[in-house]
Amino acid sequence: MKTLGLVLAVATVLPVRAMVFDFDSGAQGWTGADNDGQSPFGTGGVALSVDYQSSGGNPGGHISITDPSNLDFYFVAPANVLGNQSSAYGTTLSWELKVTGNTYDPVPDVVLRGAGLELVLDVGPAPTPDLWLGYSVVLNETGGWRKGTLSGATPTASEFQAVLADLTGLRIRGEYFAGGLGSEVGSLDNVNFAAVPEPAEVLGWSAGLCLAGAFWFRRSRFVR
Ligand SMILES: [Ca+2]
Ligand SMILES: [Ca+2]
């Protein structure tokens, strides 16, 4: 019981830990989707597979999609990002994107879907071609998100929390060039989604803190 108490106490003071996708050893479950440019953006569309690239990322591996149609392609987050992500409220989602063209910007750059709501965001001007550019957005109602479309209403705090508590979709836009079938490439690297630590990680942290404490105690005694 004391052990459980220690673990729970440690868990309550741990910072929220991010879920990181560096694509250095594979696509890590990410897929793609082709959307028709209309709401909803976070579900449906034509399913696409991503191409895994073992080099050319920022650094190391990354994933890419080559424009297959006149629709807008998105990168689709894997299931382990979804579900109850309440602890991610107020943290950030960041990613790095490289595109080969930037002629249009009328559709959401990132989409969250859950609890019957869809939240979309325009992160700014279309990215400069052929450069890895980083983006970071706040995961709460102050982050610039809109409901349904880019001209939709700002979500309330409770609406945003409801989406994160039942997250069913996360998509990041990869297409910014009108045309370019078969030649436009969108590349994604270093996605960082704040998330709660796994129980095993909490136990690992506990063990690590105990070891650090024991080392400090021994060292303190030695110094004295
Ligand atoms: Ca990488
Ligand atoms: Ca295109």
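Structure shown above.
### Things to note about the sheet that holds strand β12 (residues 167–173)
Pairing is antiparallel in the open sheet, where 7 strands are placed in the order β3-β2-β6-β12-β8-β9-β11. Sheet topology places β3 (46–48) and β11 (146–147) at the edges, where each strand pairs with a single neighbour. The pairing of strand β2 (residues 31–35) with β3 spans 3 bridges and is classified as antiparallel. Bridging across to β3, Ala33 finds its partner in Ala47.

### Focus on the nonpolar core
One finds Trp30, Trp95 and Leu188 to be the most contacted residues of the largest nonpolar core, which totals 37 residues. In this structure, Trp30 is in contact with Phe21, Phe23, Val50, Ile63, Phe75, Val76, Ala77, Pro78, Ile172, Leu188 and Val191, ignoring residues within four places of it in sequence. Counting residues in hydrophobic clusters, the runner-up holds 5 residues, among them Phe41, Tyr74, Val111 and Val120.

### Things to note about the coordination of the calcium ion (ligand 1)
Distances from the calcium ion (ligand 1) to its protein donors, namely Asp22 (O), Asp24 (OD), Pro59 (O), Gly61 (O), Asp189 (OD) and Asp189 (OD), fall within the range 2.3 to 2.6 Å. Here the calcium ion (ligand 1) binds 6 donor atoms, and the angle range of 50 to 164° at the metal identifies the geometry as irregular. Between the donor residues of the calcium ion (ligand 1), the gaps in sequence give the motif D-x1-D-x34-P-x1-G-x127-D. Taken as a pair, Pro59 in the loop between β4 (51–53) and β5 (62–66) and Asp189 in strand β13 (residues 185–195) lie far apart in primary sequence, 130 residues in all. According to the relative accessible area criterion, Pro59 is exposed, its value standing at 60%.

Procedures and definitions
Each chain carries its own residue numbering, running from 1 in the written order of its sequence. To read the labels, note that chains go from A and ligands from 1, taken in the order they are written. Restriction of local features to residues with pLDDT of at least 70 applies here, the model being predicted, together with a cutoff of 80 or more for giving and counting side-chain atom pairs; totals for whole chains, interfaces and linings are based on all residues. Side-chain metrics in this entry use all non-hydrogen atoms of the structure; hydrogen atoms and water are not considered. Strand pairing is assigned whenever DSSP detects at least two bridges linking the two strands. Put simply, DSSP H or I for four residues or longer makes a helix, DSSP E for two residues or longer makes a strand, and each gets a number counted from the N terminus. Buried Ala, Val, Leu, Ile, Met, Phe, Trp, Tyr and Cys residues that are joined via side-chain atoms within 4.5 Å together make up what is termed a nonpolar core. When accessible area is computed with a 1.4 Å probe and restricted to protein chains, residues below 20% of their type maximum are described as buried, those above 50% as exposed, and intermediate ones as partly exposed. The contact rule is simple, with two residues in contact once any of their heavy atoms fall within 4.5 Å. Metal coordination here is assigned from N, O and S atoms located within 2.8 Å of the ion, or within 3.2 Å for Na, K and Ca; omission of water means that sites may look incomplete. By the criteria applied here, four donors are tetrahedral when all angles lie between 85 and 135 degrees, four are square planar and six octahedral when opposite donors are over 155 degrees apart and every other angle lies between 65 and 115, and any other arrangement is irregular.

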